[in-house]
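Close look at the chain arrangement
Below are the chains, spelled out letter by letter.
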Amino acid sequence: MSDRIFLFIYLSAVVIVSLLHRPWWLATGLCLVIVFAGSMRWRLLRKALLSMLLFNVTVSLGYALLAGIQGEMRIDYLLLINLRVLLLLMLGFWLNARINIANALGFSSTLSFLATVAAGQARVLSRVVSDFSDAFESRRLKRPGWRERTRLATAQTQVVMEKAQYAATEISQAMRSRGVFDD
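The following paragraphs examine the structure supplied in this document. (Residues numbered from 1 in each chain as written. Predicted model: local features only at pLDDT ≥ 70, side-chain atom pairs only at ≥ 80, totals over all residues. Heavy atoms only, no water.)

Digging into a nonpolar patch on the surface
Rule in force here: What goes into a patch is any residue over 30% in relative accessible area without a salt bridge, connected to like charges within 9 Å or, for nonpolar side chains (Val, Leu, Ile, Met, Phe, Trp, Tyr), within 5 Å. Values of accessible area rely on a 1.4 Å probe in the Shrake-Rupley scheme; residue burial ignores everything except the protein chains shown. Between Lys or Arg on one side and Asp or Glu on the other, a salt bridge is scored when a side-chain nitrogen of the former is within 4 Å of a carboxyl oxygen of the latter. Runs of H or I in DSSP of at least four residues are treated as helices and runs of E of at least two as strands, each being numbered from the N terminus.
Residues Ile5, Phe8 and Ile9 make up a contiguous nonpolar surface patch of about 290 Å² in total accessible area. Tracing the backbone through its elements, the reader meets Phe8 in helix α1 (residues 3–19).

Shown next as structure tokens:
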């Protein structure tokens, strides 16, 4: 199948998943995605679960805490949002593994260009984070404490934000000079 068809299937699935409000249907959809993922299923599921961990810690525990205090705890709602997030993550990772997004958006030169620029930006920012981590590890003799890791994360976030801001300004100026924003 072509990349555009997979992109259309993905976008349709995201809309359908967003409209489903029964955990049973979401679990069925998750099982279908796992089956259709083929040999990549366990790797994608692992990536999705690790990515979902942050969501679970912040949103689910926050909801459980507030609902517990108010006495309105609904396990079915908690199951629903977590299944929906896991299914959407699996769909996204499946799409990323199956298609070249620039080819899928080839019908529009602007969208294809934008996807290429976004992928380039993600790679640059990922490299900055990796460089920070490598530099931090190479200067430590023992395992860093919570305070040192917090300082690293703060500095890393600041540099990534500055680099992203600078790159966004440069890219938007380049796009404007080439007439992308002209009507």
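Now that the structure has been shown, the text picks up again.
Digging into the packing of helix α2 (residues 23–36) against helix α4 (residues 75–98)
The description of two helices packed together rests on the angle between their axes and the distance between the axes. Worth spelling out the cut-off: Fitted lines through C-alpha atoms give the axes, limited to the stretch in contact for helices. The angle between two N-to-C directions lies from 0 to 180 degrees. Any angle that is under 35 degrees is reported as roughly parallel, and any over 145 degrees as roughly antiparallel; angles of 65 to 115 degrees are reported as roughly perpendicular and all others as oblique. Whether a crossing is left-handed or right-handed is set by the direction in which the near helix is turned from the far one by less than a right angle, anticlockwise for left-handed and clockwise for right-handed. A contact between two residues is defined here by any heavy atoms of the two lying within 4.5 Å. The residue classification treats Ala, Val, Leu, Ile, Met, Phe, Trp, Tyr, Cys and Pro as nonpolar and Asp, Glu, Lys and Arg as charged. All others, Gly included, are polar.
Packing of α2 against α4 brings their axes to within 9 Å, and their N-to-C directions diverge by 25 degrees. In terms of their interaxial angle, α2 and α4 are classed as roughly parallel. Regarding α2 and α4, the two cross each other, and that crossing is left-handed. Contacts between α2 and α4 involve Pro23, Leu26, Ala27, Gly29, Leu30, Val33, Ile34 and Phe36 on the former and, on the latter, Asp76, Leu79, Leu80, Leu83, Arg84, Leu86, Leu87, Met90, Leu91 and Trp94. Per-class residue counts for the contact of α2 with α4 are 15 nonpolar, one polar and two charged.

Considering the pattern of salt bridges
Note the cut-off: Note on classification: 1.4 Å probe, protein chains only; a residue is buried when its accessible area is under 20% of the maximum for its type, exposed when over 50%, partly exposed between these limits.
Evaluation of the coordinates by the stated rule reveals two salt bridges. Arg127 serves as the salt-bridge partner of Asp131, at 3.2 Å between the closest nitrogen and oxygen. Here the residue Asp131 and the residue Arg127 both occupy positions in helix α6 (residues 109–138), the gap between them amounting to four residues, near one helical turn. Accessibility expressed as a relative area gives 38% for Asp131, which makes it partly exposed.

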